[in-house]
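Examination of the molecular architecture
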Amino acid sequence: MFAAGGKFLPSQIQAVMDNFLVSLVSIAFHGIAYGMVLYVISVGLSVTMGLMGFANLAHGVFAMAGGYVMISSMARLGAPYPLALLISFIAIAAVSLILERLLYSRLYSATELDQVLFTIGLIFMSVALARLAYGTLQQPVDLPEYLKGQFSFMGRDFPAYRVFLITISSLIVAGLWFGVERTSWGAMLRAAVDNRAMAQSVGINTQRLFMLTFAAGSGLAGLGGALGADIIAIQPIYPFANLAYFLIVVAAGGMGTLRGPFVAALLIGITDTACKYWLPEFGAFLIYAATVGILLWRPAGLFGRSN
């Protein structure tokens, strides 16, 4: 392996560098795909917590439900994959409207402890219902054939499913940016996030705004859960197993913003993938340590604004 004097040969150094670059590209690709899914799921939590000031720890329930709806639509109704994704978004958004009016709206003025206890109770109830309906095992995802192959780009092969995740999630991100930055609904939403009382004083119906925003955020969570069902396992413990990551995306990125959670989700996705590849014995330790460091440096998150 070594030349005279114990030094690496140039060809060996080149081989090591090539292998490192290959692994780096693979980690970045898979990490971005995972981060995109985290963002689609978590962005609704960021906006609703920033707008409503509601500590909704049950946000992952909507993501889990979206995954179950997608799987059931394909297995029991024979719906094609794209239609099953659309059904997931619509169904979860519709159900969340009912929950928002019947349950969530009653606790908007409650203390944070009451909100946390209420949403944790919802998680336990959803876990029990999921176990009753689907059992305790992870649900298999039957992806269409065109997502099971490889996609060639610049001499490398990438899993078609993850290319699809990155592409669709990018379109969702662009749509969110346009909706928040270039529409009247987005203008009202930004105004309510900045100063809710002032927004109400100029005639913005914040109750309806809250309801529609909550439905959109929950629907996105359902869509994200369905999109990422093959990389984030759909099982009854889903809301608990992934709660920490959803909250890290929001806390580290900053509540009430789109850019902050996007950057945080990508960083988490790439870091988590790199740790699993290079430092599996550390688990998620580095992510939690980095989160603590970020919050000590910027308590409002990377792009959040301190009061």
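Just above, that's the structure.
The text that follows walks through the structure, step by step, so that each part is easy to find.

Notes on the overall build of the protein
In terms of helices and strands, the protein carries twelve helices and two strands. Reading the secondary structure of the protein in the N-to-C direction produces α-α-α-α-β-β-α-α-α-α-α-α-α-α. The C-alpha radius of gyration of the protein comes to 21 Å, within 12% of the 19 Å expected for a compact globule of 307 residues. Counting every position in the protein, which comprises 307 residues, the buried fraction comes to 45%. Counting only carbon and sulfur atoms, one obtains 68% of the accessible surface of the protein, whose full area is about 15600 Å².

Thoughts on the side chain of Ser46
Locating Ser46 in the fold gives a position in helix H1 (residues 10-52). Take Ser46: its relative accessible area is 0%, and that puts it in the buried class. Looking at Ser46, its side chain comes within polar contact range of the main-chain oxygen of Thr257, at 3.3 Å. Not counting residues within four places of it along the chain, the set of residues in contact with Ser46 comprises Val250, Gly254, Met255, Gly256, Thr257 and Pro261.

Some points on the pairing of strand E2 (residues 156-159)
Pairing between strand E1 (residues 150-153) and E2: four bridges, direction antiparallel. Bridge assignment links Ser152 to a residue of E2, and that residue is Asp157. Joining the antiparallel neighbours E1 and E2 is a turn of two residues, in which Met154 adopts a positive phi near 55°.

Topic: the nonpolar core
By size, the foremost hydrophobic cluster in this structure holds 74 residues, and its most contacted members are Met70 and Tyr81. Here this core gets twelve residues from one element, more than from any other, and that element is H1. In this view, Tyr81 contacts Met70, Met74, Leu143, Pro144, Tyr146, Leu147, Tyr161, Phe164, Ala226 and Leu227; residues no more than four positions away in its chain are not counted. Counting five residues, the second largest nonpolar core, distinct from the first, contains Phe29, Ala33, Val163 and Ile166.

Quick word on a nonpolar patch on the surface
Taken together, Ile13, Met17, Phe20, Leu21, Leu24, Tyr277, Trp278, Leu279, Phe282, Phe285 and Leu286 make up a surface patch of nonpolar side chains, about 1000 Å² in accessible area. For the nonpolar patch, the secondary structure elements donating two or more residues are H1, helix H11 (259-278) and helix H12 (285-297). With five residues, the top contributor of residues to the nonpolar patch is H1. Along the chain, Phe282 turns up in the loop between H11 and H12. Residue class for Phe282 comes out partly exposed when judged on its relative accessible area of 40%.

As for the environment of Thr257
Relative to the helices and strands, Thr257 resides in the loop between helix H10 (243-253) and H11. Distance in space between the C-alpha atoms of Thr257 and Ser46 is 6.8 Å, their sequence separation being 211 residues. Sequence-distant contacts of Thr257, defined by excluding residues within four places in its chain, comprise Ser46 and Phe303.

Digging into helix H3 (residues 81-102)
The end-to-end C-alpha separation of H3 is 32 Å, in line with the 32 Å expected for 22 residues at 1.5 Å each. Here H3 has its buried residues at Tyr81, Ala84, Leu85, Ser88, Ile92, Ala93, Ser96 and Glu100. Here the buried residues of H3 occupy an arc of 165° about the axis, which is enough to place them on one side. Projecting away from the buried face of H3 at angles above 90 degrees are the exposed residues Ile98 and Leu102. Among the structural elements, helix H2 (59-76), helix H5 (160-182) and helix H8 (206-227) are those in contact with the buried residues of H3.

Concerning the side chain of Ser72
Position of Ser72 among the secondary structure elements: in helix H2. Dropping the residues within four chain positions of it, Ser72 is found in contact with Leu77 and Tyr134.

Focus: the packing of H5 against helix H6 (residues 184-194)
Between H5 and H6, the least distance of the axes is 5 Å, while the angle of their chain directions is 75°. The angle between H5 and H6 places the two elements in the roughly perpendicular class. Judged by residue contacts, Gly179, Val180 and Glu181 of H5 engage Trp185, Gly186, Ala187, Leu189 and Arg190 from H6. The residue inventory of the contact of H5 with H6, partitioned by class, reads four nonpolar, two polar and two charged.

Remarks on the layout of surface pockets
Space left empty within the atom packing is revealed by a probe, the size of a water molecule, rolled over the atoms. By volume, the second largest pocket is sized at about 460 Å³. Together, 19 residues line the second largest pocket, and Val61, Ala65, Leu99, Ser126 and Leu129 are the ones closest to its centre. For the lining of the second largest pocket, the secondary structure elements donating two or more residues are H2, H3 and helix H4 (112-134). Element by element, the count of residues in the lining of the second largest pocket is highest for H4, at seven residues. Of the residues in the lining of the second largest pocket, the class split is 18 nonpolar, one polar and no charged.

Topic: H8
Its 22 residues place the ends of H8 31 Å apart at the C-alpha level, agreeing with the 32 Å of an ideal helix rising 1.5 Å per residue. Of all 22 residues that make up H8, 17 are buried, and the element is covered over most of its length. With a side-chain oxygen positioned 3.3 Å from the backbone nitrogen of Gln207, the residue opening H8 is Asn205.

Calculation criteria
Residues numbered from 1 in each chain as written. Predicted model: local features only at pLDDT ≥ 70, side-chain atom pairs only at ≥ 80, totals over all residues. Heavy atoms only, no water. Helix = DSSP H or I, 4+ residues; strand = E, 2+ residues; numbered from the N terminus. Rg over C-alpha atoms; globule rule 2.2 N^0.38 Å. Buried < 20%, exposed > 50% of the residue type's maximum accessible area, 1.4 Å probe, protein only. Areas by Shrake-Rupley, 256 points an atom, 1.4 Å probe, with all protein chains shown as cover. Polar contact = N/O pair within 3.5 Å; in protein donor to acceptor, adjacent residues only side chain to side chain. Contact = heavy atoms within 4.5 Å. Pairing = 2+ DSSP bridges. Core = buried A, V, L, I, M, F, W, Y, C linked by side-chain atoms within 4.5 Å. Patch = residues over 30% accessible without salt bridge, like charges linked within 9 Å, V, L, I, M, F, W, Y side chains within 5 Å. Salt bridge = Lys/Arg side-chain N within 4 Å of Asp/Glu carboxyl O. Expected span 1.5 Å × (residues − 1). Arc of directions from axis to C-beta. Axes fitted to C-alpha atoms, helices over the stretch in contact; angles between N-to-C directions. Parallel < 35°, antiparallel > 145°, perpendicular 65-115°, else oblique. Nonpolar A, V, L, I, M, F, W, Y, C, P; charged D, E, K, R; others polar. 1 Å grid on protein atoms, 1.4 Å probe; cavity = no way out; pocket = protein on both sides within 12 Å on 5 of 7 lines; lining within 4 Å. Points joined across faces, edges and corners; volume = space filled by probe spheres on them.

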